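Observations on the model geometry
Residue strings, one per chain:
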Amino acid sequence: MTEKSLTGQARRFDDIKANYFGICENISKSAASSGRSAQDITFLAATKTVEPEFINYAISLGLKEIGENRVQEMLSKYDQYDLEKAKLHFIGHLQTNKVRQIVGKVSMIQSVDNLRLAQEISKQSLKNGVVTDILVEVNIGREENKSGVFEEQTDELLGQIAELEAVKVRGLMSVPPICDSKQEIFKFFDKMYKLFIDISSKKLDNISMDYLSMGMSDDYNEAILSGANMIRVGSGLFGARIYR
């Protein structure tokens, strides 16, 4: 590695450190404003396109959860993650035929939006002798180009998944639409929180509403203020994405 490369790497480490502790401070403030503490909020780093050395550096700072969006990328980096200190989630759209490649490797799959996918996760989990934690993804903005079950279909899907042997629903996940104002994004976050609370109150078998995963780099503070207890931050921690 050249001296210039080493300098660039050191600068990025410094940026990640500053970003990490800045995000932690923001989490603490937003949590306090919502009547909670920072310990009530799970800070998950979205690591798509991020090299393992930078992911592991963030883990060394105290990061406990990381999430990948693409199966192929996750597998290419898997042996390099420091998974003794952090848990790995899958947070992107998951094709049924790729489930077998990640079951047993991830602690949670956050993007389950149909029964067929949940059935395959259960099938592969049984083969691996594990129970896989999942979140049900809700398309709260009813966007045609996004995955996720519609709000009114969530109860039915949860009831079907609850019958499966080797999956455990741990909550809900959502990616609201891009909004022009904070007032607009609050409407979607509040809608998700109401759905989360409504399902929690029903105390369904094999359904634990432990996590409401919503909020990313541009809106995680608003998500926390609206009741989220898991946020997924990528560029806010690692810098602008470098897409390949």
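These numbers were taken from a predicted model, which means no experiment stands behind them.

1. Comments concerning the side chain of Arg-232
Along the chain, the position of Arg-232 falls in strand S8 (residues 230-233). Within the structure, Arg-232 has its side chain in polar contact with the backbone oxygen of Ser-174 (distance 3.1 Å). Aside from chain neighbours lying at most four places away, what touches Arg-232 is Leu-44, Ile-91, Gln-110, Met-173, Ser-174, Val-175, Ser-213, Met-214, Gly-215, Met-216 and Ser-217.

2. Topic: the layout of surface pockets
In this structure, the largest pocket encloses a volume near 1,000 Å³. Residue lining of the largest pocket: 38 residues in total, with Asn-69, Lys-146, Val-175, Met-216 and Arg-232 positioned closest to the centre. Class assignment for the residues of the lining of the largest pocket results in 15 nonpolar, twelve polar and eleven charged. In this structure, the second largest pocket spans a volume of roughly 200 Å³. Along the walls of the second largest pocket sit Tyr-20, Cys-24, Ile-27, Ala-38, Gln-39, Ile-41, Thr-42, Phe-43, Gly-62, Leu-63, Lys-64 and Glu-65, which together make up its complete lining. Listing elements by their share of the lining of the second largest pocket, those giving two or more residues are helix H1 (3-33) and strand S1 (42-46). The element that contributes the greatest number of residues to the lining of the second largest pocket is H1, accounting for three residues.

3. Digging into unusual backbone geometry
In the Ramachandran plot, Lys-203 falls in the positive-phi region, its phi being about 45° despite a non-glycine side chain. Checked against the element boundaries, Lys-203 lands in the loop between helix H7 (182-202) and strand S7 (207-213).

4. Brief notes about the environment of Asn-206
Among the structural elements, Asn-206 can be located in the loop between H7 and S7. We classify Asn-206 as partly exposed; its relative accessible area is 25%. Each C-alpha atom of the pair Asn-206 and Leu-115 lies 15 Å from the other, and the pair is 91 residues apart in sequence. Polar side-chain contacts of Asn-206 include one of 3.3 Å to the backbone oxygen of Val-167.

Analysis parameters
Residues numbered from 1 in each chain as written. Predicted model: local features only at pLDDT ≥ 70, side-chain atom pairs only at ≥ 80, totals over all residues. Heavy atoms only, no water. Helix = DSSP H or I, 4+ residues; strand = E, 2+ residues; numbered from the N terminus. Polar contact = N/O pair within 3.5 Å; in protein donor to acceptor, adjacent residues only side chain to side chain. Contact = heavy atoms within 4.5 Å. 1 Å grid on protein atoms, 1.4 Å probe; cavity = no way out; pocket = protein on both sides within 12 Å on 5 of 7 lines; lining within 4 Å. Points joined across faces, edges and corners; volume = space filled by probe spheres on them. Nonpolar A, V, L, I, M, F, W, Y, C, P; charged D, E, K, R; others polar. Buried < 20%, exposed > 50% of the residue type's maximum accessible area, 1.4 Å probe, protein only.

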